[in-house]
Amino acid sequence: MRYFLTLLRMQLKSTLRSPVFLVSTGFFFALTTILAAILPQNEAVSLQAGVLTQTPAAVQTAELLFENTDYTFVEYTDQDTLERDVLKGVLHCGYLLGDNPSMTALVTDASYMRPLLDEIVLAAYFKTRMPSIASEYLAQNGFDNAQVQSDYDQLSREATPMTVILQSTGAGDVAALAQSSIQPLLYAVLVSLFLALSLLSVLLSDEGKARAAKQLAVLTRRPLATAFAPVLVNVLLHSAVLIAADALLSGFVRHSVYTGMARFAALVVLAAVTALLTLGAAPLRRSANVMLYLLPFALLVSILCSGAIVSPSMMPAGLGVLRFFSPAWYALRLITFLS
């Protein structure tokens, strides 16, 4: 055990002082910061709905909506501003209220609560318009309509209110919600970039260290401890780098669609897998030039086929099968599953 701990400490010091490790880690943090800063961030999915009244008769409906205590309805006076806020995610959806009845809903793919909000808006409309509709109907058919308003008020107080029960079925809605955010793309880039830089550091590292490790394993007759120490050091350092990068992203992503524990577990798994892959990539130093040419293509495939931009199943000519060669695709599936 003393031999292993000594070797672990020496390997850790050697790696931390390595110019390749320092440069690649600094480059990784710099690119992560730049991408997180320049990519637009979606707000958290808002349950606020905007309301724009297009006719004087719709004002009563809007006033009733503004009194709703379960969901917030915000008054707008300009349609362009309402549409822009819906597209930006400031509003869950928007409504243009008219007469006869006339209701136009402004929605996006993330407006998953729109059917319920439609019911609330329609209920408010009929609550304000029903007395006049009933009065007009009775007058047209020769009946007395003097008590319509009082009868309707009494019924509204005595009638059993509608009860809405919401049930969650699995994690499909969470996965769909995640796709409406920029965060999956950030993590797809982070995973792909980290793997690429880790492989690059192996290709550019000195072969003398590998030869020295083999000689040490032969002289000490402890091949397992000698081989395992560098792997453990890589796992620890990779985990630290990835967790630090995740903390860095958290400063830019205000509303995470993934839980902290899911991200932590997935990044530790990624660190372990990366350490094993880089251990097996040492023989590729002889083909370093070829690998350097293929690396940009591998990065592109990993990000495009991760599912963060477009679903791989929608890719033409069977290109969706490339997702099985995308480390980012597996990473996003793991984070979504753990969330």
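Residues numbered from 1 in each chain as written. Predicted model: local features only at pLDDT ≥ 70, side-chain atom pairs only at ≥ 80, totals over all residues. Heavy atoms only, no water.

Let us look at the sheet that holds strand β2 (residues 73–75). Spatial ordering of the open sheet is given by β2-β1-β3-β4, a layout of four strands whose pairing is mixed. Taken across any chain shown, the strands that pair with only one partner, and hence form the sheet edges, are β2 and β4 (103–106). Put simply, the sheet's adjacent strands are angled 25° from each other on average, direction ignored. Here helix α3 (residues 59–66) sits on the sheet in contact with β1 (49–53), β2 and β3 (93–97), set at roughly 160° to β1. In the packing of helix α4 (residues 79–88) onto the sheet, contacts are made with β1, β3 and β4, and the angle to β3 comes to roughly 155°. (Pairing = 2+ DSSP bridges. Helix = DSSP H or I, 4+ residues; strand = E, 2+ residues; numbered from the N terminus. Axes fitted to C-alpha atoms, helices over the stretch in contact; angles between N-to-C directions. Contact = heavy atoms within 4.5 Å.)

Turning our eyes to something else, we now look at the confidence of the model for the protein. For the protein, the mean per-residue pLDDT works out to 76, and 73% of the residues sit at or above 70. Confidence drops under a pLDDT of 50 for residues 168–180, and excluding neighbours within four residues, the segment shows eleven contacts in the predicted structure. (pLDDT = per-residue confidence, 0-100.)

Turning to the pattern of salt bridges, a few remarks are in order. In the structure shown here, the tally under the stated rule is two salt bridges. Note that Arg114 and Asp118 form a salt bridge whose closest N and O atoms lie 2.4 Å from each other. Of the two residues, Arg114 and Asp118 both sit in helix α5 (residues 114–140), four residues apart, roughly one turn of that helix. Owing to a relative accessible area of 30%, Arg114 belongs among the partly exposed residues under this scheme. Classification of Asp118 by relative accessible area gives buried; the value is 11%. (Salt bridge = Lys/Arg side-chain N within 4 Å of Asp/Glu carboxyl O. Buried < 20%, exposed > 50% of the residue type's maximum accessible area, 1.4 Å probe, protein only.)

To continue, consider helix α1 (residues 2–16). Note on helix geometry: an α-helix contains 3.6 residues per turn, so any two residues three or four positions apart are oriented the same way. With 15 residues, α1 extends 21 Å from end C-alpha to end C-alpha; this agrees with the ideal 21 Å at 1.5 Å per step. For α1, every residue scored as buried is listed here: Tyr3, Phe4, Leu7, Leu8, Gln11 and Thr15. When α1 is viewed along its axis, its buried side chains cluster within an angular range of 130° and face the same direction. Exposed residues on α1 whose side chains face more than 90 degrees from its buried face are Arg2 and Met10. (Expected span 1.5 Å × (residues − 1). Arc of directions from axis to C-beta.)

Another aspect to go through is the packing of aromatic side chains. Taken as a whole, this structure holds four aromatic pairs when the rule is applied. Ring geometry for Phe28 versus Phe29: centroids 5.9 Å apart, planes at 50°, classification tilted. Residue Phe29 is classed as partly exposed on the basis of its relative accessible area, which comes to 25%. Where Phe28 meets Phe194, the ring centres are 5.5 Å apart and the plane angle is 65°; that geometry is what we call edge-to-face. Of this pair, Phe28 sits in helix α2 (residues 19–38) while Phe194 is found in helix α8 (residues 183–204), placing the two residues 166 residues apart along the sequence. (Phe/Tyr/Trp six-rings, centres within 6.5 Å; stacked < 30°, edge-to-face > 60°.)

Attention shifts here to the environment of Val20. Here Val20 lies in helix α2. We classify Val20 as partly exposed; its relative accessible area is 28%. Sequence separation of Val20 and Ser201 is 181 residues, and the distance between their C-alpha atoms is 6.0 Å.

Next up on the list: the environment of Ala308. By secondary structure assignment, the location of Ala308 is in the loop between α12 (288–304) and α13 (327–338). Judged by its relative accessible area of 12%, Ala308 is buried. Taking the C-alpha atoms as reference points, Ala308 and Tyr187, separated by 121 residues in sequence, lie 8.8 Å from one another.

Moving on, we get to a nonpolar patch on the surface. A cluster of nonpolar residues, Leu300, Leu304, Ile309, Val310 and Met314, forms a patch on the protein surface that exposes about 470 Å² of accessible area. Tracing the backbone shows Met314 in the loop between α12 and α13. For Met314, a relative accessible area of 64% puts it in the exposed group. (Patch = residues over 30% accessible without salt bridge, like charges linked within 9 Å, V, L, I, M, F, W, Y side chains within 5 Å. Areas by Shrake-Rupley, 256 points an atom, 1.4 Å probe, with all protein chains shown as cover.)

The next point concerns the nonpolar core. Phe28, Leu190, Leu242 and Leu270 are the most contacted members of the largest nonpolar core, which totals 37 residues. Secondary-structure elements contributing two or more residues to this core are α1, α2, α8, α10 (223–250), α11 (260–280) and α13. Apart from residues lying up to four places away in sequence, Leu270 is in contact with Val191, Phe194, Leu195 and Leu242. Counting 16 residues, the second-largest nonpolar core is a separate cluster that includes Leu65, Phe73, Leu116 and Ala124. (Core = buried A, V, L, I, M, F, W, Y, C linked by side-chain atoms within 4.5 Å.)

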